[in-house]
Amino acid sequence: MIKTYTVAVISLLIIAVSATAQTISIDSCYALAVRNYPLIKQYGLIEKTKEYTLSNAGKGWLPQVSFTAIEGYVFGDLPSFGPSGSSAGLRFIGLGQVNQAIWDGGATRTQKNIINANAETEKASVDVSIREIRSRVNQVYLGVLLVDEQLKQLQQQNAILDNNIDRIQKLNTNGMAYKTDVDEIRVEKLKLIQQKKEFEYTRNGYLTMLSFLAGVRFDNQTILQKPVVIDQLSTMEIVRPELSLYKSQRNLVNAQAGMQKVDMMPKAGFLGAGVVLSPGLSSSGATTI
């Protein structure tokens, strides 16, 4: 008997632990919703795209090398600096060119400024979208808390109606009240039961929406903690992602306007070229511009 009693106690403890309701706060819902939001992955893509574009912009200072090969038939004699000319026939012409920028008028620097400003603008746009997700979490989370308070009020009203039914039934038994009085109270009790079903259905809908936003399964056993109200509005700093977005867009416009000035600036560079004719005239040269 002692062993059976011990096993029964252990079983009750296991059931009690498994039946513990899940408790979650609104801050946890914020973090889960942001992590579950698909656009959060765009932060990494924006940073990688910026690095790749900046790397390509920096390659503008590397020497640009090009080769051109032409093969064709030449009619007539070609001029020659040697003792004898070259007759008509099949000719191969090769052209090589090297272009090295010395000063680009600030084009590379301005292009990098545009790339950085564009990346910051895209990140600020994602921040605005994330704030909208937080607003949706607020609406759904507070909606659940509102329904919970309404259910508590219905529970209190139901307890009052139960007491009234008992009291009216006793009065009816003693001939001091009509049976219709009892029926009227029971009708009111049925209305409360119907309202309770409607509120429970609404609460389930809110929890389903919250589950989709957070990416975590919430059920009727989930307990939502009430947010703590902090009365520090006078000392709080207003931080809106929309303001950061407007600032980033302004910086982007200013950076793009700088490119117009760059187009008006002179450019300097070194150009080298070589020409090969085979068979026949062979010459090479280099020109600085």
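Look above for the structure.
Everything numeric in this text was worked out from a predicted model, so none of it was measured. Numbers given to residues run from 1 along each chain, matching the order in which its sequence is written. For this predicted model, a pLDDT threshold of at least 70 governs which residues receive local features, and a threshold of 80 or more governs which side-chain atom pairs are given and counted, while totals over whole chains, interfaces and linings are taken from all residues. Side-chain descriptors were evaluated using all non-hydrogen atoms of the structure, hydrogens and water having been removed beforehand.

A.B. asks: Whenever I open this one, the overall build of the protein confuses me. Can you help?
C.D. replies: The number of helices and strands found in the protein is six helices and six strands. Across the 289 residues of the protein, 24% fall into the buried class. A separation threshold of at least 6 residues defines the contact pool for the protein, and within that pool the share at least 24 residues apart is 77%. Entry remark: accessible area of the protein is about 20,800 Å², with carbon and sulfur atoms responsible for 59%. Runs of H or I in DSSP of at least four residues are treated as helices and runs of E of at least two as strands, each being numbered from the N terminus. The rule is simple: take the accessible area with a 1.4 Å probe, protein chains only, and divide by the maximum for that residue type; under 20% is buried, over 50% is exposed, in between is partly exposed. The criterion used for residue contact is that any of the two residues' heavy atoms lie within 4.5 Å. Areas reported here follow the Shrake-Rupley algorithm with a probe of radius 1.4 Å; residue values treat only the protein chains shown as occluding.

A.B. asks: Before we go on, may I ask you to explain the environment of Met 265 in this structure?
C.D. replies: Within the fold, Met 265 resides in the loop between helix H6 (241–263) and strand S5 (268–278). Owing to a relative accessible area of 37%, Met 265 belongs among the partly exposed residues under this scheme. Placed 158 residues apart in sequence, Met 265 and Ala 107 show a C-alpha to C-alpha distance of 9.2 Å. Every residue in contact with Met 265, bar those within four places of it in the chain, is listed here: Trp 103 and Gly 105.

A.B. asks: In this structure, what is going on with a nonpolar patch on the surface? I would like to understand it.
C.D. replies: In this analysis, a patch consists of residues with relative accessible area above 30% that form no salt bridge, clustered at 9 Å for like charges and at 5 Å for the nonpolar side chains Val, Leu, Ile, Met, Phe, Trp and Tyr. By definition here, a salt bridge exists when the distance from a side-chain nitrogen of Lys or Arg to a carboxyl oxygen of Asp or Glu is within 4 Å. A contiguous nonpolar patch, built from Ile 70, Ile 93, Leu 95 and Val 275 and spanning about 290 Å² of accessible area, is present on the exposed surface. Tracing the backbone through its elements, the reader meets Ile 93 in strand S3 (residues 89–103).

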